[in-house]
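Listed below are the residues making up each chain.
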Amino acid sequence: MVHRLSSIRLALGLAAFPVAINAICTSGVLCELNTRAGVHQRFWGTCVQHNVTISNIAQYVALAVEYVLAPSRSLEWSHQRKVLKWYLTIAFTGAYLTTGRTPYPCIEQQSTIQPAQGAFDFSTPDIFVKWWQRNAKSRLWIHTLLPTTGLPTWVTNSAWTKSQMISIIQDYVTTVATYYQGRVYAWDVVSEIFNDNGTWRDNVFYNYLGSDFVEIALWAARAADPNAKLYIEEYGAEDLNVKSDALYYLAQTLKNNGVPLDGIGFEGHAITPTIPPPAGIMPNTQRFEALDLDWAYTQIGVRIVNGSSSPGRQAEDYHAMLISCMNSRRCVGVLTSGITDLTTIEGMGIWGGPQWTETLFDAYYVPVIGYNVIANYLSTVTVDGAYI
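Residues numbered from 1 in each chain as written. Predicted model: local features only at pLDDT ≥ 70, side-chain atom pairs only at ≥ 80, totals over all residues. Heavy atoms only, no water.

1. With respect to the overall build of the chain
And then number 1: When its secondary structure is counted, the chain shows 13 helices and 12 strands.
And then number 2: Relative to its full complement of 388 residues, the chain shows a buried share of 58%.
And then number 3: Long-range contacts, defined as pairs at least 24 residues apart, comprise 73% of the intrachain contacts of the chain with a sequence gap of at least 6. (Helix = DSSP H or I, 4+ residues; strand = E, 2+ residues; numbered from the N terminus. Buried < 20%, exposed > 50% of the residue type's maximum accessible area, 1.4 Å probe, protein only. Contact = heavy atoms within 4.5 Å.)

Structural data, given as structure tokens:
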């Protein structure tokens, strides 16, 4: 996938907008969504694409100041709200470093972690990890610990016994999770493992081990990084459907068997005006909560395709999806797909149609209507009848 990168200069970052929190969020200002969400003990974050240079990282920190550097108003939750979700698909090779989830900008960059069996190289991801932790004082939420796509040929094109494949998973997960142990708030241990019809997606691990590969990865992750939260992430499973049924039955089986699993990441990709119905989202998330699981929107983007809707309706749909999080004590936060359409985790993907927009900032980093609607909702909403 080819990604377009913004050429806006760092000088346009902090100087471009006032950052004081206003009681009412008006157009043209930053209103610190993360701080407003923090009042309700939730985070608000975003993904951002950029290239490997530190100057570009600084650029996005400046532009995402409200996400990453906003002052904490909840000391109890400050450590969780200062988390960098790294959509760092630190895969064996060709992985994507993407930071997602709360204050987190999503950083994406090619990385080779295990180009050959037994050979690990963390030099590229370490550039980001060390810079973010030094400058943003953030822990990480990393995606994905065990990727099932983009794997090197030494994994996919070789013949393995079942025990050898188990060892490959355990060695990789253990090595990576141990390397970043203590610096990670949460891992997306696996992601996007189901087809839309609820069947398992084809991947080399499933082909050798069936669904057991998920349990193997979760146990290895817990042993290597015992204090990190372990998540499974999926798209198209936000409401009640056959895909979310499959995800639920997996989570239920894992929990019943005592396998370590702490939460579910619902990506939240949607096209306005046909978003997942809120009436279906709530009962779906509630059944995962009944399994003692947290959840979050992890790549949310409400997309207008080919001019088929309006910014006003997009704002309404963002609001509708956010209500489900605010009405759930187990929803830990929201992470958008990107700051602008040019820098989303989706890259320049054109699913739904060739002309689209989904982010809360326009190409000049000016907030769109949806941003203000969300900010004002977070300022006025009560949760269970009172602020928490």
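2. Focus on unusual backbone geometry
And then number 1: A cis amide bond links Thr272 to the next residue, Pro273, at an omega of 10 degrees.
And then number 2: With respect to the helices and strands, the residue Pro273 is situated in the loop between strand S9 (269-271) and helix H11 (278-289).
And then number 3: Even without being glycine, Asn306 reaches a positive phi, approximately 55 degrees.
And then number 4: Structurally, Asn306 can be placed in the loop between strand S10 (294-305) and helix H12 (311-326).

3. Regarding the state of the cysteines
And then number 1: Summed over the entire model, instances satisfying the criterion amount to one disulfide.
And then number 2: Disulfide pairing places Cys325 opposite Cys331 at an S-S distance of 2.1 Å. Measuring handedness by torsion sign, the sulfur bridge of Cys325 and Cys331 sits at about -90 degrees and is left-handed. Considered together, Cys325 and Cys331 belong to a single accessibility category, that of buried residues. (Disulfide = S-S within 2.5 Å.)

4. A short note on the packing of H12 against helix H13 (residues 369-380)
In helix packing, the relevant descriptors are the interaxial angle and the interaxial distance, both defined with respect to the helix axes.
And then number 1: It is at 8 Å that the axes of H12 and H13 come closest, and there the two elements cross at 35 degrees. Once H12 is placed against H13, the crossing between them reads as right-handed. Where H12 approaches H13, its residues Pro311, Gly312, Ala315, Tyr318, His319, Leu322, Ile323 and Met326 are matched on the opposing element by Ile369, Gly370, Val373, Ile374, Tyr377 and Leu378. (Axes fitted to C-alpha atoms, helices over the stretch in contact; angles between N-to-C directions. Left-handed = near helix turned anticlockwise from the far one by under 90°.)

5. Quick notes on helix H10 (residues 242-256)
And then number 1: Taking 1.5 Å as the rise per residue, H10 with 15 residues should run 21 Å; its terminal C-alpha atoms sit 21 Å apart, in good agreement.
And then number 2: Taken together, the buried positions of H10 are occupied by Lys243, Ser244, Ala246, Leu247, Tyr248, Leu250, Ala251 and Leu254.
And then number 3: At its buried positions, H10 is contacted by helix H9 (212-224), strand S7 (229-234), strand S8 (263-266) and H11.
And then number 4: Structurally, the start of H10 carries an N-cap: the backbone nitrogen of Lys243 is 3.0 Å from a side-chain oxygen of Asn241.
And then number 5: Following H10 by one or two positions, Gly258 adopts a phi angle in the positive range, close to 75 degrees. (Expected span 1.5 Å × (residues − 1). Polar contact = N/O pair within 3.5 Å; in protein donor to acceptor, adjacent residues only side chain to side chain.)

6. Description of the packing of aromatic side chains
And then number 1: Under the counting rule described, the total for this entry stands at 16 aromatic pairs.
And then number 2: Clustering of aromatic rings is evident, with ring pairs tying together Tyr248, Tyr249, Phe266, Phe288, Trp295 and Tyr297.
And then number 3: Here the basic side chain of Arg303 rests over the ring of Trp356, its NZ or CZ set 3.6 Å away from the ring centre. (Phe/Tyr/Trp six-rings, centres within 6.5 Å; stacked < 30°, edge-to-face > 60°. Lys NZ or Arg CZ within 6 Å of the ring centre and 35° of its normal.)

7. So, the nonpolar core
And then number 1: Of all hydrophobic cores here, the largest spans 85 residues; its most connected members are Trp187, Phe213 and Ile232.
And then number 2: Broken down by element, the residue count for this core peaks at eight residues, all from H9.
And then number 3: Core analysis: the second largest hydrophobic core is formed by seven residues, Phe43, Trp141, Tyr185 and Ala296 among them. (Core = buried A, V, L, I, M, F, W, Y, C linked by side-chain atoms within 4.5 Å.)

8. Let's talk about the confidence of the model for the chain
And then number 1: Per-residue pLDDT for the chain has a mean of 76; in total, 71% of the residues score no lower than 70.
And then number 2: Counting contacts from residues 1-22, a segment whose pLDDT is below 50, to residues more than four positions away or on other chains yields 49 contacts.
And then number 3: Predicted confidence for residues 50-54 stays below pLDDT 50, and this span has 17 contacts to residues more than four positions away or in other chains. (pLDDT = per-residue confidence, 0-100.)

9. So, the environment of Thr174
And then number 1: Take Thr174: it is sitting in helix H7 (residues 162-179).
And then number 2: Setting aside residues no more than four positions away along its own chain, Thr174 makes contact with Ala220 and Ala224.
And then number 3: Within the structure, the side chain of Thr174 is placed 2.6 Å from the backbone oxygen of Gln170, a separation counted as a polar contact.

10. Topic: the side chain of Asn203
And then number 1: One can find Asn203 in the loop between strand S6 (184-191) and helix H8 (204-209).
And then number 2: The class for Asn203 is buried, based on a relative accessible area of 4%.
And then number 3: Here Tyr206 takes part through its backbone nitrogen, which lies 2.8 Å from a polar atom of the side chain of Asn203.
And then number 4: The contacts of Asn203, once residues within four sequence positions are left out, are Thr148 and Phe213.

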